[in-house]
Amino acid sequence: MAAPQIILDLVDRFESNLEAYTSGHYNETQLRREFLDPFFTALGWDVANVNGNAEMYKDVIHEDAIKIGGATKAPDYCFQIGGMRKFFLEAKKPSINLKDDINPAFQLRRYAWSAKLPLSILTDFEEFAIYDGRVKPNQGDKPNIARIHYFTYKQYADQWDKIAAIFSRDAVLKGSFDKFAGGKGRRGTAAVDQAFLESISEWRKELAQNLALRNPKLSQHELNYAVQKILDRILFLRICEDRGIENYGRLQGHVNGVGVYKRLCETFQQADERYNSGLFHFQKEKGRSGYPDELTLNLEIDDNLLKHIIKQLYYPESPYEFSVFTADILGQVYEQFLGKVIRLTEGHHAKIEEKPEVKKAGGVYYTPTYIVDYIVNNTVGKLLEGKTPKQAANLKILDPACGSGSFLIGAYQKLLDWHRNFYIKDGIEKWSKGKRTVIFQGRDNDWHLTTSERKRILTNNIFGVDIDSQAVEVTKLSLLLKVLEGESNRTLVHQFKLFHERALPDLSENIKCGNSLIGPDYFNDRLMPDSEELQRVNPFDWEREFLEIMTAGGFDAVIGNPPYIGFHGFKDVKEYFKKSFNSATGKFDIYVLFIEEGLKLLKNKGLLSYICPTGFIKRDHGRGIRRYLLNNCAILSIVDFEHKQIFNNVLNYTGIFVFSKPFQPKNKLIYKHGLIETGDYYFQSKLTENLWVFRSDRDELIVRKIVENNKCAPLSGFVERISEGIVTGLNDVYLFSSKEIASKGFEKSYFKPCLRGKNIRKYYCESHSEYVFYPYDTNGELVEEKTIQEKAPKYYNYLLNQKQKIIARPYFEKSSKKWYELWNQRRVANFENVKIVVPELSDRNRFAIDTKQQYYGDTVCGFFLRGNVVLDIAYILGIINSTLIEWYYKKTTVPKANEFYIYKTMFLKTIPILNVEFSSATDKENHDKMVSLVGRMLELNKQLPVTKENHEKTLIQRQIDATDKEVDRLVYELYGLTEAEIKIVEGESSK
C-alpha cells in the first residue's frame, strides 16, 4: 500500500529543515512529539491514548526518560497489545549517527534482550533500524550486529509496505509481526533468563566458596541462608536503581576502596530504614513480626569477589537492563536457581548440587504466564465480581507450594488492577483526596494506586507457604519488587513525607516456610527429633501459623502448581501420608495430597484451582482422591491439555482443575480440551470413583448399546490370564541381540527370542532379534545358581559384574521369592501358548497372534484363551482389531502420552466380546466368517514383507485394506449398529 499523506508530509518537512534538525540543537523530546508520534499514529497505534485506556492496557507506554550519567534508563516507547509488550522503540536526536555509533544500538538491544522481545526499533527519523532482540548484546558489538533492516527517511515512501506489514497495529493483531519475528532467528541467540541464570549461579558458587573459606564456623544451613540473602539484597537494590527508585550507581560506588562488604552492610541497613522489608531486617522493632537477621552483617567476604559481582551488574560489563526485567523473567530464573543447593564438604568447602527432589522430578519447570492468568481469572477474578474494596479486603488467597511466587504475583496483579479500576470508576475525587487517598495522578497524567494502598492489598490478601526457605525468600523478593513497580525515588519520598510510612511491608506473616502436607503430629511419641531431620521434614501447623484465617473458616482461594515427583520420591514419609490423607491410595504422587489439603484449607464457597497431572482422573492410583472429591466438593471445570505438554522436557500430561466447596448434588462441570472457548457439560453425580472418562451424549448412547448387549461379556471371561510382559530389568543386562550373545560368548541355549512392543503391528509381528535369558530346564524348573555358574559361566560372571545395575536380580537376592513367582507365571503365560499380543503403549489397536516358544518383554501385554473356551482365537482377534472396538476402547479409557493409549490388564479386561451360541446357525456362520476373514488377513500380512515387486505389494495392500473393511462391516452387524451410528464411529476414527 502507498504511504499515507502524513508520512509524505513528515518526510518533506524533515528534508526541508534537515540542517536544523541535525545540528544538535534539536532535541529528542521535540523529535518524538513532531515526528515519531505522528509516524506511529499513522501505523494505527493510539500513541496519545485517545481511547483513555488504563495504564496497563495502553497501546503505547511513554517511559519517563530518566537521564543518568548520559544514558536513558528506560526505552522511550513500549508498544503493546492487551497489556503484553510487543516491541520497544528507542529514540535519538537526529544529530546522532545511528548507522555507525555503537552505543545507541547496544542500549536498545539491552532493553529488547532483557525484556525477551524479538524485535525492536532504533530511530531518529533520519535513520530507522530494526534489531533482533534475541541476540545477546556484548560490549563492543558493531552497530550492524543483529540489525535486520536499515532505512533512511528518504526510503519511507518506498518501504512503507514492509514497515506497515511488520509494525502496524493491525499487523501485530493479525500475527504478521510474530510470523516475521519467528522467521528471523539468529545463531548464537541466548535467552535472557538462561543467561541471567548462568550469571547468578556463578555468583552463588563464588560467594558460597568464599564465605565457606572466610567463615569456617558457618553451618550448611547458615551458608545457604547467607548466600541467598546477600544476593537478593544486591539484586533488589540494583533493580531499584534501573527503575529510578534508588540513585543510579550507588552499589557501583562500593567497588572503589577497601572494606566493600562492610560498606555494603551499611547500605543494607539504610535500606531497612527506607523499605521496612524483611529482606533488610536487622533489629527487633515493636510491632514487627519475624526474626531479625543476626548472621550476615558479621560475615567476612573478600573485596575482589564483591567488586567482580557488582561490576558485572553495570554497563559496560552487564548486558542486562533491569528496568525492563519482568516478574515473569525473574520468576523463571529463580525457579531454576532454587533447584540447586549449597553443600559443605568435610573440609568445609562449598559445592553446588541439584536438590534430590528436583533430580527425582527431572528438573524444575516454571508455569507459563498464560496458565497463571487463566487460574487467577477463574478464582480471584470470580471472587472479586460484585464486591467493593472493603469486601475484597477480606479475601485470603493462598498458594501452598508457592515456589518463586508466580501464582501469587499473578493474583496480586489482578487485585491491583481491580482496585485501581474500581476507584477510577467509582469517582476519582472520592478516592484521591483527604484520608481516603488511595490513588494519585502521576507525571504521565494517569492514576496510580498509592504505595500505601499497594502494601495494604498485599498484606491483606496474599499468602503463601513453601517447604524451601530459599523459595520463600524469592517469593517475598518478587512481591516486594511488584509493590514498587511504577514507583520512583521522587514518588517514594513524596509519599513518605505524606504518610510517614516506609516503602515496603514485612511479609513474614504472609509468606511462610514449612511443609504444607506434614503437621507437628509427625513427631508425636518422639522425645526430640535431630536438627537435620527437623530441617528436612519442616512440619507446618496451619491452625497456628494462620490462626485468624483458619478460625474464620479458611482461605477464599487456593491456587498453584503443586509438586509432582513420582511415587518413589517420598518413601520416608509415605506411611505418614497414608494415615493422614484419604487420597493416599495406590501409587499416589504428592500432588493428589495437595488437592485434598487445599480443599481442607478452603473456605465454603471458596475456589481451588491447580494445574497438575491429569493422571489422578485417568489412572487407578487416583481412586482415593476421586472418591474424596466426589464427596467433598463441587467440580466446576476441567481443562485437559491431553497430549499437549505445557512444561518442556517433562513427560507429564496436565490439566487445570477448578473446585469449590461444599459438595453440590446437582453440580454440572464443564470439560474442555485445552484453553478453548467452549466445552461439554457433565453431571458430577454421574461420576464414580472409577476412571473419569468424558464422552459426548451421542458417544455415550453407542457405548451403552455395546456394553448392555446381553450377548457381550468382558474379555477377561474368555482368557486364562492377561499378562504384562516379562520384566527384564535394565535392557543392557537382560536383553541381547544375537550378535551380542555371540560376541560375549554366552551359551545360546539359555536364551529365548523376546518380542517387544515396537515389533507388533495390526495382525502380525515384524521380525525381531532380541533375546532374553531363560533360566529354566526342559521340565520348566528354575535352574539352580550353581548350575548356571557351571553351564553358563560367562553369562553368570556377566551378571555378577553387573550386580549393581540389575533391577530384578534372580540369582543375587535370596529374598526374591516373589520375583521368582511372577517370572514363572509370566513364563507359562507368554512362552508355552499361542497368544494374542499388543504393545503396552500405542496410538491404535494393534493386536497380533504370536507363536509358542517366544517370550514377550515388558513393553508388551498378552493373553491366551482358557481351555474350555470354544471360540477360535482368530474370532477374538478380528473383533478387537476392528474399528468399532478401537473406537470403544478410546472412548472408555484415557490417553497416556500424546495420543497414545495404555494397553494393559486394567483396561484390556473389560473389552466387550460378543459371545457365540454355536447352536444358532447364524451365530456359527458369523463366527466362521470372522475366522475366515482373519485367516486371510494373517496370510496377506505374511506375504507383504517377502514380496519384492512394487505393484504386487500394492495389490496385496489393497486386499488387506478391503479385508479390513469386511471385518469392520461384520463387527458393526454383530454389535447391531445403525448406519447413523456407523457414521459417527467412522467419522471420528478417520480424524
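Right above here is the structure, for reference.
Rules behind the numbers
- Residues numbered from 1 in each chain as written.
- Predicted model: local features only at pLDDT ≥ 70, side-chain atom pairs only at ≥ 80, totals over all residues.
- Heavy atoms only, no water.
- Helix = DSSP H or I, 4+ residues; strand = E, 2+ residues; numbered from the N terminus.
- Axes fitted to C-alpha atoms, helices over the stretch in contact; angles between N-to-C directions.
- Parallel < 35°, antiparallel > 145°, perpendicular 65-115°, else oblique.
- Left-handed = near helix turned anticlockwise from the far one by under 90°.
- Contact = heavy atoms within 4.5 Å.
- Nonpolar A, V, L, I, M, F, W, Y, C, P; charged D, E, K, R; others polar.
- Buried < 20%, exposed > 50% of the residue type's maximum accessible area, 1.4 Å probe, protein only.
- Pairing = 2+ DSSP bridges.
- Salt bridge = Lys/Arg side-chain N within 4 Å of Asp/Glu carboxyl O.

Caption draft 1: Up close: unusual backbone geometry. Geometrically, the link from Tyr315 to Pro316 is a cis peptide bond, its omega value of 10 degrees lying close to zero. Note on placement: Pro316 falls in the loop between helix H11 (303-311) and helix H12 (327-337). Cis rather than trans, the peptide bond between Lys661 and Pro662 has omega equal to 0 degrees. Topologically, Pro662 is positioned in the loop between strand E19 (654-660) and strand E20 (668-672). Residues other than glycine seldom take positive phi values, yet Lys116 does so here, at roughly 60 degrees. Tracing the backbone shows Lys116 in the loop between helix H4 (102-114) and strand E6 (119-123). Phi angles above zero are rare outside glycine, and His348 is one such case at about 60 degrees. Mapped onto the fold, His348 is located in the loop between strand E9 (340-344) and strand E10 (350-354).

Caption draft 2: The packing of helix H9 (residues 220-242) against H12, seen in detail. Closest axis-to-axis distance for the H9/H12 pair is 14 Å, and the angle between their directions is 170 degrees. One element, H9, and the other, H12, form an angle in the roughly antiparallel class. The way H9 lies across H12 gives a crossing that is right-handed. Across the interface between the two elements, Gln228, Leu231, Asp232, Leu235 and Ile239 from H9 touch Leu330, Tyr334 and Phe337 from H12. Residues of the contact of H9 with H12, tallied by class, amount to six nonpolar, one polar and one charged.

Caption draft 3: How the structure looks around the pairing of strand E16 (residues 555-560). Counting buried residues along E16, six of its six residues qualify, which places the element largely inside the surrounding structure. Strand direction decides the pairing type here: strand E11 (residues 397-399) and E16, joined by two bridges, are parallel. Its bridge partner lying in E16, Ile397 is registered against Ala557. Here E16 pairs with strand E17 (residues 602-613) via five bridges, running parallel. Looking across to E17, one finds that Gly560 is bridged to Tyr610.

Caption draft 4: Spatial organisation of the sheet that holds E16. Strands sit in the order E15-E14-E11-E16-E17-E19-E18-E20-E21 across an open sheet of nine strands; the sheet is mixed. The sheet is open, and its two borders are formed by strand E15 (511-513) and strand E21 (680-683), each paired with just one other strand. Averaged over all pairs of adjacent strands, the angle between strand axes in this sheet comes to 15 degrees, irrespective of strand direction. On the sheet, helix H19 (residues 451-461) packs against E11 and strand E14 (462-466) and is oriented at approximately 50 degrees with respect to E14.

Caption draft 5: Here's a closer look at the pattern of salt bridges. This model, assessed by the stated rule, comprises 45 salt bridges. The residue Glu545 makes a salt bridge to Arg544 at a minimum N-O spacing of 3.5 Å. Residue classification places Glu545 among the partly exposed positions, given a relative accessible area of 26%. A relative accessible area of 61% means that Arg544 is categorised as exposed. A salt bridge links Asp928 to Lys924, with the shortest nitrogen-to-oxygen separation between them at 2.8 Å. Here Asp928 and its partner Lys924 are both found in helix H38 (residues 921-946), four residues apart, which amounts to about one turn of the helix. The network of salt bridges with shared partners includes Glu509, Lys512, Arg544 and Glu545.

Keep in mind these numbers describe shape, not what the thing actually does.
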